[in-house]
Amino acid sequence: MRVLLLSGSARIPSHTRSLIDAVAAELGRLGAETVTWDLASDPLPDALADFHRAPETIEHPETRRFIREVARADAFVWGSPNYHNSYSARLKNALDTVNYDHFEQKPIGLVTHSGGLVSTQAVDHLRIVARGLLGVAIPTQIASCDADFTQEPDGTYTIAAPALQCRIVRFCAELTKMATLLSGGGVS
Ligand SMILES: Cc1cc2nc3c(=O)[nH]c(=O)nc-3n(C[C@H](O)[C@H](O)[C@H](O)COP(=O)(O)O)c2cc1C
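Everything numeric in this text was worked out from a predicted model, so none of it was measured. (Residues numbered from 1 in each chain as written. Predicted model: local features only at pLDDT ≥ 70, side-chain atom pairs only at ≥ 80, totals over all residues.)

**Student:** What is the right way to read the overall build of the chain from this model?
**Tutor:** In terms of regular secondary structure, the chain is built from five helices and eight strands. Starting at the N terminus and ending at the C terminus, the chain contains elements arranged as β-α-β-α-β-α-β-α-β-β-β-β-α. Scaling as 2.2 N^0.38, a compact globule of 188 residues should have a C-alpha radius of gyration of about 16 Å, and the chain matches this with 16 Å. Overall, the C-alpha framework of the chain stretches about 45 × 40 × 25 Å when taken along its three principal axes. Counting all 188 residues of the chain, 40% fall into the buried class. Across the chain, contacts joining residues at least 24 apart in sequence account for 77% of those joining residues at least 6 apart. (Helix = DSSP H or I, 4+ residues; strand = E, 2+ residues; numbered from the N terminus. Rg over C-alpha atoms; globule rule 2.2 N^0.38 Å. Buried ≥ 20, exposed ≤ 12 C-beta atoms within 10 Å, placed from the backbone. Contact = placed C-beta atoms within 7 Å.)

**Student:** What should I look at first to understand the UniProt feature "domain: NADPH-dependent FMN reductase-like" (unreviewed entry) in the chain in this one?
**Tutor:** The residues that UniProt annotates with the feature "domain: NADPH-dependent FMN reductase-like" (unreviewed entry) are residues 1–143. Helix makes up 33% of residues 1–143 and strand makes up 22%, while its end C-alpha atoms are separated by 25 Å. (UniProt positions renumbered as here; feature names shortened; annotations may be inferred.)

**Student:** Explain the site of the ligand to me, please; I cannot follow it from the model alone.
**Tutor:** Taken together, 15 residues form the shell around the ligand, and within it Ser9, Ser14, Thr16, Pro81 and Ser114 come nearest. Listing elements by their share of the shell around the ligand, those giving two or more residues are α1 (15–29) and β4 (107–114). (Near = placed C-beta within 6 Å.)

**Student:** When you look at the pairing of strand β2 (residues 33–38) in this model, what are you seeing that I'm missing?
**Tutor:** Regular strands show a simple pattern: their side chains alternate between the two faces of the sheet. Bridge count for strand β1 (residues 2–7) against β2 is six bridges, and the pairing is parallel. Within β2, the position partnered with Val3 by the bridge is Thr34. Following the chain from β1 across α1 to the adjacent parallel β2, one finds a crossover that is right-handed. (Pairing = 2+ DSSP bridges. Right-handed = clockwise from strand over helix to strand, strands pointing away.)

**Student:** Can you help me understand the pairing of β1 in this one?
**Tutor:** Burial within β1 is extensive, with five of its six residues counted as buried. With five bridges joining them, β1 and strand β3 (residues 75–81) adopt parallel strand pairing. Along β3, the bridge assignment pairs Val3 with Ala75.

**Student:** For this particular structure, what's the right way to read the packing of α1 against helix α5 (residues 162–182)?
**Tutor:** In a packed pair of helices, the relevant descriptors are the angle between the two axes and the axis-to-axis distance. Between α1 and α5, whose axes approach to 9 Å, the crossing angle comes to 55 degrees. Accordingly, the angle class assigned to the pair α1 and α5 is oblique. α5 is crossed by α1, and the crossing has right-handed handedness. Listed contacts from α5 to Ala22, Val23, Glu26 and Leu27 of α1 are Ile168, Val169, Phe171, Cys172 and Thr176. (Axes fitted to C-alpha atoms, helices over the stretch in contact; angles between N-to-C directions. Parallel < 35°, antiparallel > 145°, perpendicular 65-115°, else oblique. Left-handed = near helix turned anticlockwise from the far one by under 90°.)

**Student:** Which parts of the structure should I look at to understand the nonpolar core?
**Tutor:** Proteins that are soluble and globular tend to have nonpolar side chains buried together. Counting 41 residues, the largest nonpolar core has Val23, Val77 and Trp78 as the members making the most contacts within it. For this core, the element with the most residues is α5, which contributes six residues. If we skip the residues at most four places from it in the chain, Trp78 touches Leu6, Leu91, Ile108, Leu110, Val111 and Leu126. (Core = buried A, V, L, I, M, F, W, Y, C linked by C-beta atoms within 7 Å.)

**Student:** In this structure, what is going on with α5? I would like to understand it.
**Tutor:** Counting along an α-helix, one turn takes 3.6 residues, and residues three or four places apart therefore face a common direction. Look at α5: 30 Å from first C-alpha to last across 21 residues, which is about the 30 Å you get at 1.5 Å a residue. Those residues of α5 lying buried are Arg167, Ile168, Phe171, Cys172, Leu175, Thr176, Met178 and Ala179. Take α5 and look down its axis: the buried residues cluster within an arc of 160 degrees, on one side only. Opposite the buried face of α5, by more than 90 degrees, sit the exposed residues Pro162, Ala163, Cys166 and Arg170. Buried residues in α5 make contact with α1, β3, β4, β5 (136–137) and β6 (142–145). (Expected span 1.5 Å × (residues − 1). Arc of directions from axis to C-beta.)

In structure tokens:
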């Protein structure tokens with residue numbers, strides 16, 4: 001099982017990226033192969049509407065690489081900071097680069113981080129986007145705030161809240177189970 005994780009922050013270091021890394025580590029423990037695309041370090045050019053029906057014909061090399069990674073994935077994790085009560089423009093632009101052929105009947109796990117207070121606004125909005133792409137957003141989601149992390153001397157963030165770690169374990173178990181079910185593998 002191959003999982004593509006998207007980190008939609010525009011900042012390095014990023015809490016969202018730390019969540020994505022923790023989710024990737026747990027998915028790896030469960031036996032999944034993971035690929036992380038960080039839209040802060042690897043931003044994509046503006047999505048072009050002319051390529052909506054045939055994104056694979058886009059010539060930009062970074063966009064082509066992104067589309068290839070999306071096409072190869074069996075499941076997805078979309079991560080975004082809360083920007084103005086919703087998800088980030090970087091993440092939306094990345095999703096607008098592909099189309100529903102890439103997501104139909106595939107599970108999507110939703111992850112978000114806000115500054116002062118936990119908020120589900122970004123993942124609530126992403127759930128509607130997942131439906132638009134014919135993907136299956138899993139029920140368990142992850143939402144954190146700054147107090148759930150400690151900052152390391154190099155500036156990166158480490159999860160400090162045990163409840164958040166527990167949530168990541170549950171989230172990953174559900175995502176891999178849904179991927180198996182949706183690929184016709186039945187219930188284990
Ligand atoms: C453009 C922008 C808009 C933001 N809007 C909100 C907001 O509406 N609510 C909120 O709680 N935090 C908001 N924030 C704060 C971010 O959610 C917070 O800085 C968070 O740590 C960013 O995640 P990151 O570390 O993964 O980049 C905003 C930050 C930016 C840059």
